[in-house]
Amino acid sequence: MRVLVSGGAGYIGSHTTLQVLAAGHDVVVVDNFSNAKPSVMARLEALAGQPIEVHGFDLTDRDKTEHLFATERFDAVIHFAGFKAVGESVEKPLEYYENNLGSTFSLVRAMQRHGVKKLVFSSSATVYGEDAPVPMKEDFPTSATNPYGWTKVMIEQILRDVAVADPQMRIALLRYFNPVGAHPSGTIGEDPQGIPNNLVPFIAQVAVGRREHLNIFGDDYDTPDGTGLRDYIHVEDLAAGHVAALRRLGEVSDPVSTWNLGTGHGTSVKEMLAAFSRAVGRELPFKVAPRRPGDIAASYADPSRANAELDWHATKTVDDMCADTWRWQSGNPEGYPS
């Protein structure tokens, strides 16, 4: 297949691009590089051992999106492109709704006009809201607590409605939990812009000396060690889930399929800090801070549907995640070159 990967220079997109290529497909990347650096593409080409076609524009530009589909043939799309910082979405809700919904509208319209019927959408466990019991299952009702989360809820609903109007569509909604880790080569990894929003890249920056210490936001939750439990999944396992979903879309009869991509168990903040300390070979400093509004005690997946229907399982351990992250961060202390 010839696959368009939107946001293919980003953290999850870059790892997925490599695995889609390794599975024997052709890949074209489109990315506006608002949350990624162009230098990632040369590294991807070196790892893939082949050139990768890339288009540097914003999918909200309908004319450029239409031109791409009019001049090239695609069999499927994997859609990562979008703003993704929860806190920023609260500060800039209109920008998040405009960008995340607008890019999806532009992309799906172009797909419809040019007969592209397969779409894998990068959704999120945030669609389960703050009151869902664990483990979280795909048939739970959806909700959100911030504009970023609502864009995911809305796009999922939009894609379901599109599939009702065009039953030939085959759409995968992949709900991620907490992607971490890096390519085992240490060549590509997560390079957050500014202060990291997520735990593991923050710990990595503490380990490499860019941050003084980790703040643990609350140690009095109803969990075994008092800190929050999250379902951390290695980005390589996550990328493999996209390849499995892409393959499965050629076999399913349902227009829309929803799959959780997670490990099925929670790891606490203190457990993750201890694992990263093992990877680095020294204890990393932390301080306990007050709970953050909106944080919940536990969030982890029931991945049994993906296990059964995609023949996919998360295989990598928390120690694998930390070792690979440290290999990336220690070799690239400032992230990708600008």
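Residues numbered from 1 in each chain as written. Predicted model: local features only at pLDDT ≥ 70, side-chain atom pairs only at ≥ 80, totals over all residues. Heavy atoms only, no water.

For the record, the criterion: UniProt positions are given in the numbering used here, feature names are shortened, and annotations may be inferred rather than shown by experiment.
Under an unreviewed UniProt entry, the protein has the name UDP-glucose 4-epimerase and belongs to Arsenicicoccus cauae. The record held by UniProt for the protein lists under Sequence similarities (unreviewed entry) the comment "Belongs to the NAD(P)-dependent epimerase/dehydratase family."

**Here we look at unusual backbone geometry**
Note the cut-off: Labels follow the DSSP assignment, with helices taken as runs of H or I lasting at least four residues and strands as runs of E lasting at least two, numbered in each case from the N terminus. Each residue's exposure class comes from its accessible area (1.4 Å probe, protein chains only) as a fraction of the maximum for that residue type: buried when under 20%, exposed when over 50%, partly exposed otherwise.
Between V134 and P135 the backbone carries a cis peptide bond, its omega angle lying at -5 degrees. Its place among the elements puts P135 in the loop between β5 (118-124) and α6 (147-165). The phi dihedral of F33 is positive, around 60 degrees, even though this residue is not glycine. Inspection of the secondary structure puts F33 in the loop between β2 (26-30) and α2 (39-48). In the Ramachandran plot, D311 falls in the positive-phi region, its phi being about 50 degrees despite a non-glycine side chain. Within the secondary structure, D311 sits in the loop between α10 (304-309) and α11 (318-331). Classification of D311 as exposed rests on a relative accessible area of 64%.

**Side note on the sheet that holds strand β1 (residues 2-6)**
Note the following rule: When DSSP locates at least two bridges between a pair of strands, those strands are taken to pair. To get an axis, a line is fitted to the C-alpha atoms, and for a helix only the part in contact is used. The angle between two axes follows their N-to-C directions and goes from 0 to 180 degrees.
Taken together, the 7 strands give an open sheet; going across it, the order is β3-β2-β1-β4-β5-β6-β11, and neighbouring strands pair in parallel fashion. In the strand order of this sheet, the two ends are held by β3 (53-55) and β11 (256-261), each with one partner. Strand after strand, the sheet turns through a mean of 20 degrees between neighbouring axes, direction not considered. Here β1 runs beside strand β4 (residues 76-79); their pairing, made up of 4 bridges, is parallel. When the sheet's bridge partners are listed, S6 is paired in β4 with H79.

**Concerning the pattern of salt bridges**
The condition is simple: For salt bridges, the criterion is a side-chain nitrogen of Lys or Arg within 4 Å of an Asp or Glu carboxyl oxygen.
Enumeration over the complete set of coordinates arrives at 16 salt bridges. Across the pair K117 and D166 runs a salt bridge, and its minimum N-O distance is 2.5 Å. With K117 in the loop between α5 (93-113) and β5 and D166 in the loop between α6 and β6 (170-176), this pair connects stretches of sequence that are 49 residues apart. The closest approach of N and O atoms between R248 and E251, which form a salt bridge, is 3.1 Å. By relative accessible area, R248 is classed as partly exposed at 25%.

**A word on the pairing of β11**
Note on strand geometry: in a regular strand, side chains alternate between the two faces of the sheet. Counting buried positions along β11 gives 5 out of 6 residues, so the element sits mostly inside the fold. Taken together, the 6 bridges between β6 and β11 define a ladder with parallel strand orientation. Residue pairing across strands places A172 opposite S257, the latter belonging to β11.

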